[in-house]
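Commentary on secondary and tertiary structure
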Amino acid sequence: MKRSPKLSLSLLTFAGAAVGAAPALAGDLAITVEVPRLTVAEYHKPYVSIWIENPADATAAGTLAVWYDFGSKEDKGVKWLKDMRQWWRKAGRTMTFPADGVSGATRAPGPQKLVFSGAKGPLKDLKPGQYNLVVEAAREVGGQEAVRVPFAWGKPGKLATAKGTAELGAVTVAVK
Amino acid sequence: MSLRNRLLAVAAAGLVLALPLAANAHRGWIVPSFTVLSGDGAWVTLDAAISNELFYADHNPMRLDAVTVTAPDGSVDKIQNPATGKYRSTFDVQLSKPGTYKIGSAVSTVMASWTQDGQVKRFRGSPEDFAKQVPAGAADLKTIKSFNRNETFVTRDAPTTTVFAPTGKGLELVPVTHPNDLVAGEAATFKFLLDGKPAADLEVTFAPGNSRYRATPGDFKVKTGADGAFKVTFPEAGMYWMNAVVRTGETGRGPGGPGGPGGGMGGPGGGAPGGGAAPATPQAGDGMSASYTATLEALRP
């Protein structure tokens with residue numbers, strides 16, 4: 001897609017505010033999610049959903065990734081998707097699973113690096129502006145936690161960071 | 001003996017305990033293991049009982065004869081794996097379709113007394129049996145007709161509203177906020193209909209579960225407005241028992257009869273009482289009651 005110089009200027013001018021019908025820059029969203037190593041008697045890798053929230057009304061603006069027991073027989077893992085309750089209520093329950101480009105297997109403890117292309121999925125149509133990246137984790141026989149990281153979509157920005165207290169470690173977001 | 005006393009005597013004869021008419025302390029409930037589910041392998045298991053504490057089976061099991069399942073497409077299924085124990089009944093429901101299921105009972109009952117050969121006769125049962133068993137033109141006939149609902153809602157994937165289509169019988173819940181979309185601390189709006197019309201000025205009781213672990217019951221009441229609507233905010237996440245009762249006519253201040261001859265009183269799957277003959281026609285001074293009970297879950301934000 002070609003962009004007129006005028007449009008780029010308006011994006012710079014209104015950086016951080018939602019700008020009318022201007023298309024998003026095809027920037028990428030780089031995310032790291034730390035899945036903490038927990039010493040518990042019965043450990044299961046957490047189910048994790050990564051989604052974008054409109055801070056004004058707390059609605060979901062798109063789901064980037066859902067890690068669950070993806071490869072289980074008869075897709076039984078979907079039974080527990082509801083446990084990521086905020087995401088389930090706002091976005092998940094209207095989706096079909098497995099979802100192309102969104103579903104994935106659960107991940108092992110440690111930092112998980114992810115890059116979402118601005119030209120694909122929900123980022124493709126995301127208007128420039130202020131959003132929350134929400135990472136929500138739910139663990140079998142464990143707890144549930146959602147971590148919100150505010151970020152500005154529309155131009156490259158500084159690394160934003162937030163930290164969970166139990167089910168999630170550090171979450172970082174950078175618009176590149 | 002007054003009508004009320006005579007009818008209470010019927011109730012005291014120990015015929016049924018499930019009706020709230022004379023049993024305010026005992027609350028009937030159907031509690032699902034989950035109200036929000038995902039995926040096509042979804043099942044819920046439910047407990048049903050009549051108890052003092054919520055939701056602990058400490059008194060009597062609920063009889064499951066009248067409990068049915070309404071699927072999101074409107075079809076009515078039987079419950080699965082039913083069992084009735086000493087204190088509670090249990091059964092399962094498979095959510096084979098996405099959407100919202102209604103699980104519960106809608107029961108129509110007639111209590112009647114009349115004079116025959118100088119003796120007071122009594123009846124309690126379905127409108128169909130009433131029409132069959134109570135003689136046409138019975139002398140001094142008095143009736144109390146009741147319509148009682150007790151239900152709960154369970155949703156697989158996205159919520160749907162087909163199961164809330166009003167039937168025009170008794171008290172019915174119309175959601176503005178979906179009952180499977182309740183979150184603690186967020187206001188929810190519901191509406192009540194009585195025989196299809198807005199139930200204005202109706203007192204609705206909410207009682208939170210886990211009462212065993214609280215020193216005070218924590219019940220609270222909300223009133224409906226002229227349009228039958230009311231707002232409620234669930235103070236914390238958990239299961240709640242919701243109840244509303246309308247009673248009229250016991251003392252002769254009747255509403256003009258509960259919807260005409262046999263009107264609005266068909267049981268679940270039952271037809272209208274036979275004919276327009278005298279026994280099915282309520283007299284001035286006859287009573288009616290309608291109750292609505294539901295178990296709702298407010299989720300943690």
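Residues numbered from 1 in each chain as written. Chains lettered and ligands numbered in written order. Predicted model: local features only at pLDDT ≥ 70, side-chain atom pairs only at ≥ 80, totals over all residues. Heavy atoms only, no water.

So, on to the sheet that holds strand E3 (residues 60–68) of chain A. Residue and element names in this part refer to chain A. Read across the sheet, five strands follow the order E4-E3-E2-E6-E7 without closing on themselves; strand pairing throughout is mixed. Edge positions in the open sheet fall to strand E4 (103–105) and strand E7 (144–153), since each of these has one partner strand only. Adjacent strand axes in the sheet meet at a mean angle of 20 degrees, parallel and antiparallel pairs treated alike. Bridging between E3 and E4 involves three bridges; their strand directions are parallel. Across the sheet, Val-66 pairs through a bridge with Ser-103, a residue of E4. (Pairing = 2+ DSSP bridges. Helix = DSSP H or I, 4+ residues; strand = E, 2+ residues; numbered from the N terminus. Axes fitted to C-alpha atoms, helices over the stretch in contact; angles between N-to-C directions.)

Once that is clear, we can look at the pattern of salt bridges. Evaluation of the coordinates by the stated rule reveals 15 salt bridges over all chains. One salt bridge in this structure joins Glu53(A) and Arg148(A), with 2.8 Å as the shortest N-O distance. Pair noted here: Glu53(A) is in strand E2 (residues 47–53) and Arg148(A) is in strand E7, with a separation of 95 residues, a long-range link. Counted as one network, the salt bridges with shared partners bring together Arg89(A), Arg93(A), Asp181(B) and Glu186(B). (Salt bridge = Lys/Arg side-chain N within 4 Å of Asp/Glu carboxyl O.)

To continue, consider the sheet that holds strand E9 (residues 170–175) of chain A. Residue and element names in this part refer to chain A. One open sheet holds the four strands; their spatial order is E5-E1-E9-E8, and the pairing between them is antiparallel. The two strands at the open ends of the sheet, each matched to only one other strand, are strand E5 (110–117) and strand E8 (160–163). Each strand axis lies, on average, 15 degrees off the axis of its neighbour in the sheet, ignoring direction. In the sheet, E8 pairs with E9 via four bridges, with the strands oriented antiparallel. Looking at the pairing, Thr-161 lines up with Thr-172 of E9.

Let us look at the interface of chain A and chain B. Taken together, the contact between chain A and chain B spans twelve residues of the former and 15 residues of the latter. Across the chain A/chain B interface, buried area totals approximately 1,200 Å², and carbon plus sulfur atoms make up 47% of it. Looking only at chain A, the three residues that lose the most surface to chain B are Arg85(A), Arg89(A) and Arg93(A), adding up to 49% of its buried area. Applying the counting criterion to the chain A and chain B interface returns three salt bridges. (Contact = heavy atoms within 4.5 Å. Buried area = accessible area lost by both parts, 1.4 Å probe.)

This part is about the confidence of the model for chain B. All names here are of chain B. When pLDDT is averaged across chain B, the result is 84; 80% of the residues are at 70 or more. The low-confidence segment residues 8–23 (pLDDT under 50) makes 22 contacts with residues lying over four places distant or belonging to another chain. Counted against residues more than four places away or in other chains, residues 251–282, with its pLDDT under 50, gives 50 contacts. Predicted complex metrics record ipTM = 0.79 and pTM = 0.82. (pLDDT = per-residue confidence, 0-100.)

Both strand E9 (residues 99–116) of chain B and strand E10 (residues 119–125) of chain B contribute to a ladder of seven bridges, which runs antiparallel. Considered in E10(B), the bridge of Gln116(B) is made with Gln119(B).

A few words on the environment of Phe192(B). Residue and element names in this part refer to chain B. Within the fold, Phe-192 resides in strand E13 (residues 187–194). For Phe-192, a relative accessible area of 0% gives the class buried. Each C-alpha atom, one on Phe-192 and one on Leu-141, is 31 Å from the other, the two residues being 51 residues apart in sequence. (Buried < 20%, exposed > 50% of the residue type's maximum accessible area, 1.4 Å probe, protein only.)

Now for the nonpolar core. Grouped together as the largest cluster of nonpolar side chains are 28 residues, with contacts concentrated most on Leu29(A), Ile31(A), Ile50(A), Leu64(A), Leu133(A) and Phe151(A). Counting only elements with at least two residues in this core, the list comes to strand E1 (28–35), E2, E3, E5, strand E6 (129–138), E7, E8 and E9 of chain A. Among all residues touching Ile31(A), those that are not within four sequence positions of it are Ile50(A), Leu64(A), Gln112(A), Lys113(A), Leu114(A), Phe116(A), Leu133(A) and Thr172(A). Core analysis: the next-biggest nonpolar cluster, separate from the first, contains 26 residues, Ala188(B), Phe190(B), Val222(B) and Val246(B) among them. (Core = buried A, V, L, I, M, F, W, Y, C linked by side-chain atoms within 4.5 Å.)

Residues and elements named next belong to chain A. Residues at a pLDDT of 70 or more form 85% of chain A, whose mean pLDDT is 87. Within chain A, helix H1 (residues 5–13) has the poorest average pLDDT of any element, 42, and E2 the best, 98. Across residues 1–22, confidence stays below pLDDT 50; counting only partners more than four residues off in sequence or on other chains, it has 24 contacts.

Further remarks concern unusual backbone geometry. Cis geometry marks the peptide bond from Phe97(A) to Pro98(A), where omega comes out at -5 degrees. Along the chain, Pro98(A) turns up in the loop between helix H2 (85–90) and E4. Between Leu54(B) and Phe55(B) the backbone carries a cis peptide bond, its omega angle lying at -10 degrees. Assignment of secondary structure puts Phe55(B) in the loop between strand E3 (43–51) and strand E4 (60–61). Within the chain, Val141(A) stands out as a residue other than glycine whose phi angle is a positive 60 degrees. Summarising the element assignment, Val141(A) is placed in the loop between E6 and E7. Phi is positive for Asp140(B), which is not a glycine, with a value near 60 degrees. Along the chain, the position of Asp140(B) falls in strand E11 (residues 139–156).

This brings us to the pairing of strand E18 (residues 238–248) of chain B. Residues and elements named next belong to chain B. For strand E15 (residues 203–208) and E18, the ladder comprises five bridges, and the chain directions are antiparallel. Bridged to Ala-207 within E18 is Trp-241. Looking at chain direction, E18 and strand E19 (residues 287–298) are connected through eleven bridges and run antiparallel. Looking at E19, one finds that Val-246 is bridged to Ala-290.

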